[in-house]
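Residue-level listing of the chains:
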Amino acid sequence: PDAAGHNHATPNGYVDLVAAYVRRFRPGLRAVKLGGRGTSGSLIGGPPVDPHYGPGSQLRQAQAFLTAHRSETVLVTVNIGDNDVERCIGAHKIDYACVKDGMSTVARNLVTIGNQLHAAADPRITIVGISSYNQFWAFWLNGVRGRQIARQSADIVTRLNQTEDQAWRQSGVFVADSGPRFRTLDQHLVALRGHGLVPRAVEHICHLTWACSQSPINFNDHANPRGYRVIATSVIGVIRRTGLVP
């Protein structure tokens, strides 16, 4: 977000950082971005999030690129599914029927996405699905009800990540779980400037994302540059284990 709270594309996202790392070992590598706001359903069926990407959904665009550059593409990263469930969590209320439906959708759609990416790509490609942090720990700073929502969200996001991880693995996609690096489940109390003692999970989410911002940014769940470095580190750890890079 800019100073007025409006979101803009960043050249310092985890994709940029991962690409820069891989490029050290594969000179000339080009990063192609097809990301954008949406759910697993919109990724599969559209509409396109950016007309500059080309026609069709994000998945169709990715498949077209992989088919056209089958022997050249070495890595795909996918971060999707969070919005299917996290849209059900508000600052004052959680819609558990919505959560249940979203979990089922994620379990089904991520397998479809992983299978279809593999079908379009070279068999040697590395595809990494990313599990995420719990931005709702920021609600801890909103008083008694906020703390209740934050605690309840911890179980939901844990189950969401487990659902995503299982679906990715079922479709042959490697998993990079950045949650532990964000200390998502760490309840140890630490000092947070201006707020006294808070769980370490709260301190980390405030340090690594825009979720604890003051007006006019307010609650913005995107990672900041520090947070993107943490996510990139998770992805790099996976691709090193797969042998894509040393």
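For the structure, see preceding data.
Computed from a predicted structure; not experimentally measured.

(A) Geometry of unusual backbone geometry. That bond from glycine 46 to proline 47 is cis: its omega, 5°, falls within 30 degrees of zero. The omega angle of the peptide bond from serine 215 to proline 216 is 10°, so this bond is cis rather than trans. If you trace the backbone, proline 216 turns up in the loop between strand 6 (209-210) and strand 7 (220-223). The phi torsion at arginine 183 lies on the positive side, around 55°, for a residue other than glycine. Assessed through its relative accessible area of 34%, arginine 183 is described here as partly exposed.

(B) Representation of the side chain of glutamate 86. Along the chain, the position of glutamate 86 falls in helix 4 (residues 82-86). We note that glutamate 86 is buried and unpaired, the nearest opposite charge coming from arginine 37 at a distance of 9.8 Å. Those residues in contact with glutamate 86 that lie beyond four places of it in its chain are Tyr133, Gln135, Phe136, Val157 and Leu160.

(C) Region of the structure containing the sheet that holds strand 1 (residues 75-78). Read from one edge to the other, the open sheet built from 3 strands follows the order 1-2-3, with strand pairing classed as parallel. One side of each edge strand has no neighbouring strand; the edge strands of this open sheet are strand 1 and strand 3 (174-177). Between one strand axis and the next, the sheet turns by 25° as a mean value, whatever way the strands run. Bridge count between strand 2 (residues 126-131) and strand 3: 4 bridges; the pairing is parallel. Looking at the pairing, isoleucine 130 lines up with alanine 176 of strand 3. Most of the contacts of helix 6 (residues 144-170) go to strand 2, to which it runs at about 170°, and overall it touches strand 1, strand 2 and strand 3.

(D) Fine view of the state of the cysteines. Applying the stated criterion to the full structure yields 2 disulfides. There is a disulfide in this structure between cysteine 88 and cysteine 98, and the S-S distance comes to 1.9 Å. Across the disulfide from cysteine 88 to cysteine 98, rotation about the S-S bond amounts to roughly -65°, and the bridge is consequently left-handed. Placement of cysteine 88 in the loop between helix 4 and helix 5 (96-120) and of cysteine 98 in helix 5 is noted, with a sequence separation of 10 residues between them. Residue cysteine 98 is classed as buried on the basis of its relative accessible area, which comes to 13%. There is a disulfide in this structure between cysteine 206 and cysteine 212, and the S-S distance comes to 2.0 Å.

(E) Representation of the pattern of salt bridges within the structure. Taken as a whole and assessed by the stated rule, the structure comprises 5 salt bridges. A salt bridge links arginine 183 to aspartate 186; the shortest N-O distance between them is 2.5 Å. Classification of aspartate 186 by relative accessible area gives buried; the value is 10%. One salt bridge in this structure joins aspartate 186 and arginine 200, with 3.2 Å as the shortest N-O distance.

(F) Structural detail: helix 8 (residues 225-242). Compared with an ideal rise of 1.5 Å per residue, which puts 18 residues at 26 Å, helix 8 spans 26 Å between its outermost C-alpha atoms and is within 8% of the ideal. Turning to helix 8, its buried residues are Gly227, Tyr228, Val230, Ile231, Ala232, Ser234, Val235, Ile236, Val238 and Ile239. In this structure, the buried side of helix 8 is in contact with helix 1 (14-23), strand 1, strand 2, strand 3, helix 7 (200-208) and strand 7. Backbone nitrogen of arginine 226 and a side-chain oxygen of the N-cap are separated by 3.0 Å at the start of helix 8; the cap is asparagine 224. Looking one or two residues past helix 8, glycine 243 carries a phi angle of roughly 90°, positive in sign.

(G) Broad picture of the nonpolar core. Ranked by internal contacts, the top residues of the largest apolar core, which has 35 residues, are Trp137, Ile205, Ile231 and Ile239. The set of elements that each furnish at least two residues to this core consists of helix 1, strand 2, helix 6, helix 7 and helix 8. Ranked by residue count, the leading element in this core is helix 8, at 8 residues. Among the nonpolar cores identified, the runner-up in size contains 34 residues, and Ala121, Ile125, Ile127 and Trp168 belong to it.

What counts and what doesn't
Residues numbered from 1 in each chain as written. Predicted model: local features only at pLDDT ≥ 70, side-chain atom pairs only at ≥ 80, totals over all residues. Heavy atoms only, no water. Helix = DSSP H or I, 4+ residues; strand = E, 2+ residues; numbered from the N terminus. Buried < 20%, exposed > 50% of the residue type's maximum accessible area, 1.4 Å probe, protein only. Lys, Arg positive; Asp, Glu negative; His and termini not counted. Salt bridge = Lys/Arg side-chain N within 4 Å of Asp/Glu carboxyl O. Contact = heavy atoms within 4.5 Å. Pairing = 2+ DSSP bridges. Axes fitted to C-alpha atoms, helices over the stretch in contact; angles between N-to-C directions. Disulfide = S-S within 2.5 Å. Expected span 1.5 Å × (residues − 1). Polar contact = N/O pair within 3.5 Å; in protein donor to acceptor, adjacent residues only side chain to side chain. Core = buried A, V, L, I, M, F, W, Y, C linked by side-chain atoms within 4.5 Å.

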